[in-house]
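Each chain, letter by letter, is given below.
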Amino acid sequence: SRALTRRKTNRFCEEQNLEVVVAFGGGRKEGWRGITYAQANCLIQDNKDKYFGNDTCYQFKDPNANLGTSDTLGNFLKFLQTNYPDHQRKILQLWDHGYAYLGMALDSIHNDDLISLPELKEAFAQSDLKVNLINFDACLMASLEVANTIKDYADYMVASEELEPGHGWNYNDYIHILAKNSNADFVEIGKKLVDSFLDHPSHQKKRFKTLSLIDLGQVKNVIHQLDQLLTELNVKGFDSLLQTVESAQKYGQEIQSDVAYSMDLIHWLDNLQRTSPGATSTASQTLKIVSQIVLYNRHDESRPNSNGIAIYSLD
């Protein structure tokens, strides 16, 4: 399966206050090669035979498109910008595999090509689309690298520091939240989406659950402060720095090799200020500033030191 992108509008009434446009494809099964755009009513029609991808009601279809390129995603974002110009409230949902600083989404037809973070940024840049909230139903995307990539194209993002269950978010609950809170502040909506992910019965038996709401307007301040910290960092030898990294909460860790994609940034900073006296003052200030980027964060007991924002792990 491949990325589903969902989008919200400001046409508010009980039955029709939500405009949904989906792009899907990148898979080997029939009807899923390339990319297909479809509105909600088309998806309902398409699902009558319990199979998506074999109808004729689509807005656009290109069976040769590679979903691992910036052009393919950028063209869809431009399609949204061009065809729905009057919609003031916008949510973009990206659903697929995620790889933190490496990017996201695989096109199985094109050698598992993925969208790198530079390609993700290029897709937004060429579309000139800005959304209020971007959600990643994908593993490991609540990272500072991802937030920095999209900070100019969205106000907030909801994403997971850790791996996500294969079936993804519960979209019945997701759509219900958007429809019932169509006038709500986007911070409130983001919090409800986080709660849905952690509390919904379909996820109760799943472990390693993390999800957070991140203020993308704080990214520049965080990066500036981290740069300042690294400039002033005074630890006695590289070993002491590695100890703070090794004890930080890790994500996407491969059991056989102990290699992790990322670590919790706030937990690492907390370790640094406690174990490296020479870094205490600057680390404390950095910890305070970094904590402001996470507006809401939840996790289960399997990831106790998750604080909502990750960064590339040095180990």
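You'll find the structure just up there.
Predicted, not measured: the structure shown is a model, and the values here were computed from it.

Conventions we followed
- Residues numbered from 1 in each chain as written.
- Predicted model: local features only at pLDDT ≥ 70, side-chain atom pairs only at ≥ 80, totals over all residues.
- Heavy atoms only, no water.
- Pairing = 2+ DSSP bridges.
- Helix = DSSP H or I, 4+ residues; strand = E, 2+ residues; numbered from the N terminus.
- Contact = heavy atoms within 4.5 Å.
- Axes fitted to C-alpha atoms, helices over the stretch in contact; angles between N-to-C directions.
- Buried < 20%, exposed > 50% of the residue type's maximum accessible area, 1.4 Å probe, protein only.
- Phe/Tyr/Trp six-rings, centres within 6.5 Å; stacked < 30°, edge-to-face > 60°.
- Lys NZ or Arg CZ within 6 Å of the ring centre and 35° of its normal.

Trainee: Help me out: how do you make sense of the sheet that holds strand 10 (residues 250-251) in this one?
Mentor: Paired through their backbone hydrogen bonds, the strands of a sheet run either parallel or antiparallel. Strand order in this open sheet of 3 strands is 10-11-13, and the pairing throughout is antiparallel. The open sheet has two edge strands, strand 10 and strand 13 (310-312), and neither has a second partner. In this sheet, strand 13 lies alongside strand 11 (residues 262-264) in antiparallel orientation, the contact comprising 3 bridges. Residue pairing in the sheet places Asp-264 in a bridge with Ala-310 of strand 13. Lying over the sheet, helix 9 (residues 265-275) contacts strand 11 and strand 13, oriented at roughly 65° with respect to strand 11.

Trainee: Which parts of the structure should I look at to understand unusual backbone geometry?
Mentor: Both trends apply: most residues other than glycine have a negative phi, and most peptide bonds are in trans. A positive phi angle, near 65°, is found at Lys-50, a position not held by glycine. Among the structural elements, Lys-50 can be located in the loop between helix 1 (40-46) and strand 3 (60-62). A residue is classified by how much of its surface remains accessible, and Lys-50, at 70% relative accessible area, is exposed. Phi at Ala-100 takes a positive value of approximately 55°, unusual for a residue other than glycine. Within the fold, Ala-100 resides in the loop between strand 4 (91-95) and strand 5 (104-107).

Trainee: What exactly am I supposed to notice about the packing of aromatic side chains here?
Mentor: How two aromatic rings sit relative to each other is set out by the distance from centre to centre and by the angle between their planes. Summed over all chains, the structure comprises 13 aromatic pairs. Seen from their ring centres, Tyr-37 and Phe-60 are 4.8 Å apart, and the 40° between their planes marks the pair as tilted. One end of the pair, Tyr-37, is in strand 2 (residues 35-39); the other, Phe-60, is in strand 3, and 23 residues separate them in sequence. We classify Tyr-37 as buried; its relative accessible area is 4%. On the basis of an interplanar angle of 50° and a centroid distance of 6.5 Å, the ring pair of Tyr-101 and Tyr-261 is categorised as tilted. Of the two residues, Tyr-101 is situated in the loop between strand 4 and strand 5 and Tyr-261 in the loop between strand 10 and strand 11; the sequence distance between them amounts to 160 residues. The residue whose ring lies beneath Lys-29 is Trp-32, and the NZ or CZ to ring-centre distance is 4.5 Å. For Lys-29, the ring lying beneath its charged end belongs to Tyr-51, and the centroid distance is 5.7 Å.

Trainee: How should the environment of Lys-191 be read in this particular structure?
Mentor: Checked against the element boundaries, Lys-191 lands in helix 6 (residues 186-199). In this structure the C-alpha to C-alpha distance between Lys-191 and Tyr-296, which are 105 residues apart in sequence, comes to 6.4 Å.

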